[in-house]
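# Architecture at a glance
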Amino acid sequence: MTQRTYPYIAWRLTRTFQIIQVELVAGGIYGSGYDRTETGHSYPLSELFVSKDAAIAEGERRLAAVEADIARRQMNLERRRRELSDQRRANCS
């Protein structure tokens, strides 16, 4: 999202994966990488998407990354449980 004329409609993905439509009325001060709404709220350009579909695709990408992180942590947890169990058996012998 580079040059645009205002007002401009964009889509934003919240932390809770809700997709909201925002109307931007101006760019940030001195090319700061933000756009702002009429109420004065500023959004970083990295959080704004040109379409609802693009916001949904980003949400799916983020969820896949979270899912992969959870799977990695689960594998580490299971490995540590096995190590503790092995240590317990070694101490009981």
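Please read all numbers here as calculations on a predicted model, not as lab measurements.

### Re helix α1 (residues 52–92)
Spanning 41 residues, α1 covers 60 Å between terminal C-alpha atoms, matching the ideal 60 Å at 1.5 Å per step. The set of residues buried in α1 consists of Ala55, Glu58 and Gly59. In this structure, the buried residues of α1 make contact with β1 (8–13), β2 (19–27) and β5 (48–49).

### Digging into the sheet that holds strand β3 (residues 34–37)
Here we have 5 strands laid out as an open sheet, ordered β4-β3-β2-β1-β5, and antiparallel in their pairing. Looking at strand neighbours, the two that pair on one side only are β4 (42–44) and β5, the edges of this open sheet. Pairing of β1 with β5, which is carried by 2 bridges, proceeds in the antiparallel orientation. Along β5, the bridge assignment pairs Arg12 with Leu48. Sitting on the sheet, α1 is in contact with β1, β2 and β5, with an inclination near 20 degrees to β1.

### Examining the side chain of Asp35
Tracing the sequence through the fold places Asp35 in strand β3. Apart from the residues lying within four places of it in its own chain, the contact partners of Asp35 are Arg4, Tyr6, Leu24, Ala26, Gly27, Gly28, His41, Ser42, Tyr43, Leu45 and Leu48.

### Considerations on the side chain of Thr37
Among the secondary structure elements, Thr37 is positioned in strand β3. On the accessibility criterion, Thr37 (10% relative accessible area) is buried. For Thr37, the side chain forms a polar contact with the side chain of Thr39, separated by 2.9 Å. Other than its neighbours up to four places away in sequence, Thr37 contacts Glu23, Leu24, Val25 and Tyr43.

Analysis parameters
- Residues numbered from 1 in each chain as written.
- Predicted model: local features only at pLDDT ≥ 70, side-chain atom pairs only at ≥ 80, totals over all residues.
- Heavy atoms only, no water.
- Helix = DSSP H or I, 4+ residues; strand = E, 2+ residues; numbered from the N terminus.
- Expected span 1.5 Å × (residues − 1).
- Buried < 20%, exposed > 50% of the residue type's maximum accessible area, 1.4 Å probe, protein only.
- Contact = heavy atoms within 4.5 Å.
- Pairing = 2+ DSSP bridges.
- Axes fitted to C-alpha atoms, helices over the stretch in contact; angles between N-to-C directions.
- Polar contact = N/O pair within 3.5 Å; in protein donor to acceptor, adjacent residues only side chain to side chain.

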